[in-house]
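Here is how the chains run, residue by residue.
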Amino acid sequence: RKEVEQDPGPFNVPEGATVAFNCTYSNSASQSFFWYRQDCRKEPKLLMSVYSSGNEDGRFTAQLNRASQYISLLIRDSKLSDSATYLCVVKDRGSTLGRLYFGRGTQLTVWP
Amino acid sequence: EADIYQTPRYLVIGTGKKITLECSQTMGHDKMYWYQQDPGMELHLIHYSYGVNSTEKGDLSSESTVSRIRTEHFPLTLESARPSHTSQYLCASSSSSRGASEAFFGQGTRLTVV
């Protein structure tokens, strides 16, 4: 079983749409959670960290449910520039302290 | 902007050559990682390091080796390049400190072995 599982995608949505991505993780001892964005042929870049109480950054909202080991990302009012692959990332706490686990990524295309 | 640098950005090399991909960070991060990623595919961890003189193999079997003699430097070496090594190699670093645990990536090295 993979450490991090993401929605397979791809998601193709019109501008202005609201889109939600989901992610589950297998290690209940996981310490930190992130969403990264990766543009085509570029390196991944941090979009936002995910906090236990949930957090919002402009049009982006991240939620964490530790009991269900579930992370989500909501994008409101999608823009063409949101087209990218979104990676769910979990940081371990156990014996491999600080090990990062990446999901496969969910591809989003926003069309005009 | 992240202070992590990879060189070269692009490399085309013949089969059998020895190559070293460089990665340096100036953030004082203790942890560093090497990932391999084919176009449109997921990231695969090939090596990581918790600190100086500490290196571990990742999930993906790799014929490469790494060293961590200095905190800021984490080079990856292929003793004998093969066409199957053609891929993008991404270096990343992170800190053990609480509240600063996200990983920062270099711009990657796109390797082509002919």
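Structure first, text after, so check above.
Treat the numbers as computed from the prediction; the structure is a model and nothing was measured.

The rules behind each value
Residues numbered from 1 in each chain as written. Chains lettered and ligands numbered in written order. Predicted model: local features only at pLDDT ≥ 70, side-chain atom pairs only at ≥ 80, totals over all residues. Heavy atoms only, no water. Salt bridge = Lys/Arg side-chain N within 4 Å of Asp/Glu carboxyl O. Helix = DSSP H or I, 4+ residues; strand = E, 2+ residues; numbered from the N terminus. Buried < 20%, exposed > 50% of the residue type's maximum accessible area, 1.4 Å probe, protein only. Contact = heavy atoms within 4.5 Å. Polar contact = N/O pair within 3.5 Å; in protein donor to acceptor, adjacent residues only side chain to side chain.

Chemist: Give me the pattern of salt bridges: which residues, what numbers.
Modeler: Residue and element names in this part refer to chain A. The full count for this structure, using the stated rule, is nine salt bridges over all chains. Among the salt bridges present, the one from R76 reaches E56, with a minimum N-O distance of 3.6 Å. Of the two residues, R76 sits in the loop between β8 (70–75) and β9 (84–91) while E56 sits in strand β6 (residues 55–57), which places them 20 residues apart along the sequence. Using a relative accessible area of 27% as the deciding quantity, one classes R76 as partly exposed.

Chemist: Tell me about the interface of chain B and chain A, residues and numbers included.
Modeler: With 24 residues of chain B at the contact, the number on the chain A side is 22 residues. Remark: the boundary between chain B and chain A carries one salt bridge. Notably, a salt bridge pairs R104(A) with E42(B), separated by 2.9 Å at the nearest N-O pair. Counting every contact that joins chain B to chain A gives four residue pairs in polar contact (both at pLDDT 80 or more). Taken together, the elements giving at least two residues each to the side of chain B that touches chain A come down to β4 (31–37), β5 (44–51) and β9 (87–94) of chain B.

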